[in-house]
Amino acid sequence: MAISSEAIVDRGVYACIRVMDGTILYVGSSACRLGQLALNHRTWRSQGYSPTKFREALEKNIEDGGPMWGFKWLIEPYPCTQKEIETEEGLLIRQHNTRYNVDKDPVASSIK
């Protein structure tokens, strides 16, 4: 069951980082636990999710045995609406000028 964008739910903003130097490669927001969202990104094909620039890069990094990429919370989950957390997400995307975020304004593209 989908969560309404206006529902107050615990949501957070996470980053995928290059572990060796802490570079933030991607920023996203989610109501999932950190481990679950990392698994969702790493196994997107088998779960029927759509390809994204980030998911394909993460997949290639794993196949190449490249530097480890990890996930961490930038903002721990707290009760908020989707618009609130995506506003925070957009600020962090632009602040860190992330390599794999194509969409720099998540609110504009997901809240209709």
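Each value, and the rule that gives it
- Numbering of residues starts from 1 in each chain and follows the order in which that chain's sequence is written.
- With the structure being a predicted model, the display of local features is reserved for residues of pLDDT at least 70 and the display and counting of side-chain atom pairs for 80 or more, all residues being used for whole-chain, interface and lining totals.
- Excluded from the side-chain calculations are hydrogens and water; all other atoms, namely the structure's heavy atoms, are used.
- Each pair of strands is called paired provided DSSP finds at least two bridges between the two strands.
- Only DSSP runs of H or I reaching four residues or more are called helices, and only runs of E reaching two or more are called strands; each is numbered from the N terminus.
- Axis lines are fitted to C-alpha atoms, over the contacting stretch for helices. Their N-to-C directions set the angle, which ranges from 0 to 180 degrees.
- The contact rule is simple, with two residues in contact once any of their heavy atoms fall within 4.5 Å.
- Think of it in three bands: residues with accessible area under 20% of the maximum for their type are buried, residues over 50% are exposed, and the middle band is partly exposed, with areas taken using a 1.4 Å probe on protein chains only.
- Picture the helix axis, draw a direction to every C-beta atom, and the arc is the one those directions span.
- Salt bridges are counted wherever a side-chain nitrogen of Lys or Arg sits within 4 Å of a carboxyl oxygen of Asp or Glu.
- Residues belong to one nonpolar core when they are buried, are Ala, Val, Leu, Ile, Met, Phe, Trp, Tyr or Cys, and are joined through side-chain atoms within 4.5 Å.
- For the purpose of charge, His is not counted, nor are the chain termini; Lys and Arg are scored as positive and Asp and Glu as negative.
- Here the expected span of a helix is defined as 1.5 Å times the quantity of residues minus one.

Caption draft 1: Broad picture of the sheet that holds strand E3 (residues 69-80). Sheet architecture is open: 3 strands sit in the order E2-E1-E3, paired in antiparallel fashion. Lying at the two open borders of the sheet, with one neighbouring strand each, are strand E2 (23-30) and E3. The mean inter-strand angle of the sheet, taken between neighbouring strand axes irrespective of direction, is 20°. Two elements, strand E1 (residues 9-18) and E3, share 9 bridges in a ladder whose sense is antiparallel. Its bridge partner lying in E3, Val13 is registered against Ile75. With respect to the sheet, helix H1 (residues 34-42) is in contact with E1, E2 and E3, its orientation differing from that of E3 by roughly 130°.

Caption draft 2: Just H1, in detail. Buried residues of H1: Leu37, Ala38, Asn40 and His41, and no others. One side of H1 holds all its buried residues, which, seen down the axis, span an arc of 160°.

Caption draft 3: Structural detail: the pattern of salt bridges. According to the stated counting rule, one finds 2 salt bridges in the structure shown. Taking the shortest distance from any N to any O, the salt bridge between Arg18 and Asp21 comes out at 3.3 Å. Judged by relative accessible area, Asp21 falls into the partly exposed class, the value being 47%.

Caption draft 4: The nonpolar core, seen in detail. In this structure, Tyr14, Cys16, Tyr26, Phe54, Trp69, Phe71 and Tyr100 are the most contacted members of the largest nonpolar core, which totals 13 residues. Going through the elements one at a time, E1, E2, H1, helix H2 (53-63) and E3 are the ones with two or more residues in this core. If sequence neighbours within four positions are ignored, Trp69 has contacts with Cys16, Ile17, Arg18, Val19, Leu25, Arg42, Phe54, Ala57, Leu58, Asn61 and Tyr100. Core analysis: the next-biggest nonpolar cluster, separate from the first, contains 9 residues, Ala15, Ile17, Cys80 and Ile85 among them.

Caption draft 5: Geometry of the side chain of Arg55. One can find Arg55 in helix H2. Of the side chains with opposite charge, Glu56 comes closest to the buried, unpaired Arg55, at an N-O distance of 9.6 Å. Those residues in contact with Arg55, other than ones at most four positions away along the chain, are His41, Trp44, Tyr49 and Ser50.

Caption draft 6: Up close: unusual backbone geometry. Residues other than glycine seldom take positive phi values, yet Asn97 does so here, at roughly 45°. For Asn97, the location among the structural elements is in the loop between helix H3 (82-96) and helix H4 (106-110). Under the relative-accessibility criterion, Asn97 is labelled exposed at 59%.

Caption draft 7: H3, seen in detail. For H3, built from 15 residues, the straight-helix expectation of 21 Å at 1.5 Å per residue is met to within 8% by its first-to-last C-alpha distance of 21 Å. Looking only at H3, the buried set comprises Gln82, Ile85, Glu86, Glu89, Gly90, Leu92 and Ile93. Each buried residue of H3 sits inside an arc of 170° when the element is viewed along its axis, so together they form one side. If you follow the buried residues of H3, they end up packed against E1, E2, E3 and H4. Following H3 by one or two positions, Asn97 adopts a phi angle in the positive range, close to 45°.

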